[in-house]
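# Close look at the chain arrangement
Listed here are the chains, written in short residue letters.
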Protein chains: 2
Amino acid sequence: MSHPSRAALAAAPSFSRVARPSTVDLIQNELRNAVYAGVLPVGSPIREVEVATQLGVSRGPLREAAQRLVQEGLLVATPGRGMRVATIGADRLPALYAARKSVETTAARLLVRSGDDAAVAGVRRAHEELVAAAATEDARQIGGADLNLHWTLVAAAGNPWLTRWMTTLIVEVRIATFTVSDEYVVRADSAPSHAVIVERLEARDEEGLVQVLTEMLDGTVARLLGREDDAVETLEEPADAPEITLGPIDAPDEPPIG
Amino acid sequence: MSHPSRAALAAAPSFSRVARPSTVDLIQNELRNAVYAGVLPVGSPIREVEVATQLGVSRGPLREAAQRLVQEGLLVATPGRGMRVATIGADRLPALYAARKSVETTAARLLVRSGDDAAVAGVRRAHEELVAAAATEDARQIGGADLNLHWTLVAAAGNPWLTRWMTTLIVEVRIATFTVSDEYVVRADSAPSHAVIVERLEARDEEGLVQVLTEMLDGTVARLLGREDDAVETLEEPADAPEITLGPIDAPDEPPIG
DNA sequence: AATGTGCAGATTGTAGACAATCCTAATGTC
DNA sequence: GACATTAGGATTGTCTACAATCTGCACATT
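Residues numbered from 1 in each chain as written. Chains lettered and ligands numbered in written order. Predicted model: local features only at pLDDT ≥ 70, side-chain atom pairs only at ≥ 80, totals over all residues.

An unreviewed UniProt entry annotates chain A as Transcriptional regulator originating from Promicromonospora citrea.

Spelled out as structure tokens, the structure:
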């Protein structure tokens, strides 16, 4: 299964580098990944005793990490009833995608204007990973590589706020997908359609890039809302996707000497 | 002292209405307000025992609320050293304002396209409050009413993600102001310059509105970076601003019957 | 005077306990 | 059968205690 790398999911929320990750940091990343991967299904409760036991921590830091995710919008806290994984239904899809479009197009503009060749090359590499994922015809891998490409594009712009919002948005896109549909479906032509993004970017065609991003995202939300005709071929998730469970988190690394 | 209403600061982070606020909700709002108002100065540590005592709660829920604010970017957590109020120095101002500009211009476009007269009227009312604040010549009141107008504009677009980001951004703008300068300074012509925003909005002039927002925000960041000429007259904070302290939080309301 | 070391007190991070609340199954009534 | 009530177990939210770590100050050394 391919999804944004752990570094990508973990790095963005920090505005300043910490010398070592705290237990809360580690739990937060573990839970975010679990939501992204569908291990914690949308709408499901976070059973604190069970999850804390699985992760090998006490409930205190688990609650603290979960509160961060509540703030992130990935969990919802209801007093007396605990926390559960958020749901994003069809009613909120347009708003989600409007926000996503705002972040991606802003980042695209900043990236084109920055002229940062190394960052652009990173986006090209992310697209190569999408091409490789497409060869597997595994919907989850393709979907993950697709979101990774979008994330990389935003991160390449180098704006911490945009990157941070995008880190959350990709999980929320996953949540929305799981909420709206029991099936995990991606475009069969994901790799070639994204090639246009990379070409526009490499050509430093700001307006062209923004246009293709806009069309792509508008198309996605229309498809998820079932408003698009069926001219786009899609791939579905394999019937027997591997089951992934929560396990004990790694102990925080020893602090560096000195 | 005027700042976005408690409802504005408190309402936005929730994607779903909760029947009653939890202790963690209340503490979070109290702390966010304290950062916004400068009661918790930028860079200052959150002394858990002291703050919990002042708020009349135990350290557990205080830590949980603080973790939300860490995720929000308003506090920074360093393992072993606790949490402290974030700082946003001049190096990060351009990125902060790029993100702010993205959110505000996107919301402005959505609002104009929505044709929602009641929402537009709300922005007009927020401008009237700015006019009233300008009459006081109190920099804090003016600055608060200024940010409230911008927040109201974004919230009026009705996109939960944009509103939520903006709720945090206005606090971050305050943090940046406190970080970069020991003085609290606002434009003396805040009310008339913002009148143009309301006029463009009421005229449903999307491009004109986006342009004036862009120029305004670009001008602000230039001024904060000290790059702008001194042609813009400014007001400073009164020498003896009232001292506000943390106090016990209100007990959560009783749940509604039924 | 500048630097290094040790120690006591303060603070943080986490675990466990307990009261309050929720949830579910069993039972009773119509 | 449908609906209401009750009780017991599960779970949550908060508090307290304790070990680990940090901080600041006093004293020693160069």
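Back to the text.
## So, helix α10 (residues 206-224) of chain A
A turn of α-helix holds 3.6 residues, and therefore any two residues three or four places apart point the same way. Residue and element names in this part refer to chain A. For α10, built from 19 residues, the straight-helix expectation of 27 Å at 1.5 Å per residue is met to within 8% by its first-to-last C-alpha distance of 27 Å. L209, L213, T220, V221 and L224 are the residues of α10 that are buried. The arc that holds the buried residues of α10, viewed along the axis, is 95°, so those residues lie on one side. Away from the buried face of α10 by more than 90 degrees, exposed residues E207 and E215 are located. Residues of α10 that are buried make contact with α5 (93-114), α8 (160-180) and α9 (190-202). One or two positions beyond α10, positive phi appears at G226, with a value near 70°. (Helix = DSSP H or I, 4+ residues; strand = E, 2+ residues; numbered from the N terminus. Expected span 1.5 Å × (residues − 1). Buried ≥ 20, exposed ≤ 12 C-beta atoms within 10 Å, placed from the backbone. Arc of directions from axis to C-beta. Contact = placed C-beta atoms within 7 Å.)

## A short note on the interface of chain B and chain A
Across the contact, 33 residues belong to chain B and 33 residues belong to chain A. Counting residues per element, the side of chain B that touches chain A draws most heavily on helix α4 (residues 59-72) of chain B, which supplies eight residues. When the residues that make up the side of chain B that touches chain A are grouped by side-chain class, the tally is 18 nonpolar, 10 polar and five charged. (Nonpolar A, V, L, I, M, F, W, Y, C, P; charged D, E, K, R; others polar.)

## Re the UniProt feature "domain: HTH gntR-type" (unreviewed entry) in chain A
UniProt records the feature "domain: HTH gntR-type" (unreviewed entry) at residues 21-88 of chain A, using the numbering of this structure. For residues 21-88 of chain A, the helix share is 54%, the strand share is 12%, and the end-to-end C-alpha distance is 30 Å. (UniProt positions renumbered as here; feature names shortened; annotations may be inferred.)

## Digging into the relation of the copies chain B and chain A
The relation between the two chain copies is a rotation about an axis coupled with a shift along that axis. Of the two same-sequence chains, chain B is brought onto chain A (RMSD 0.0 Å, axial shift 0.0 Å) by a rotation of 180°. Given the turn and translation reported, the copies of this chain are related as if by a two-fold rotation axis. (Least-squares fit on C-alpha atoms with pLDDT ≥ 70 in both.)

## Focus: the packing of helix α2 (residues 23-37) of chain A against helix α4 (residues 59-72) of chain A
Residue and element names in this part refer to chain A. One can describe the packing of α2 onto α4 by two numbers: an axis separation of 8 Å at closest approach and a directional angle of 55°. With respect to each other, α2 and α4 are oriented oblique. Between α2 and α4 the crossing geometry is right-handed. On α4, the residues touching T23, V24, I27, Q28, L31 and R32 of α2 are P61, L62, E64, A65, A66, R68 and L69. (Axes fitted to C-alpha atoms, helices over the stretch in contact; angles between N-to-C directions. Parallel < 35°, antiparallel > 145°, perpendicular 65-115°, else oblique. Left-handed = near helix turned anticlockwise from the far one by under 90°.)

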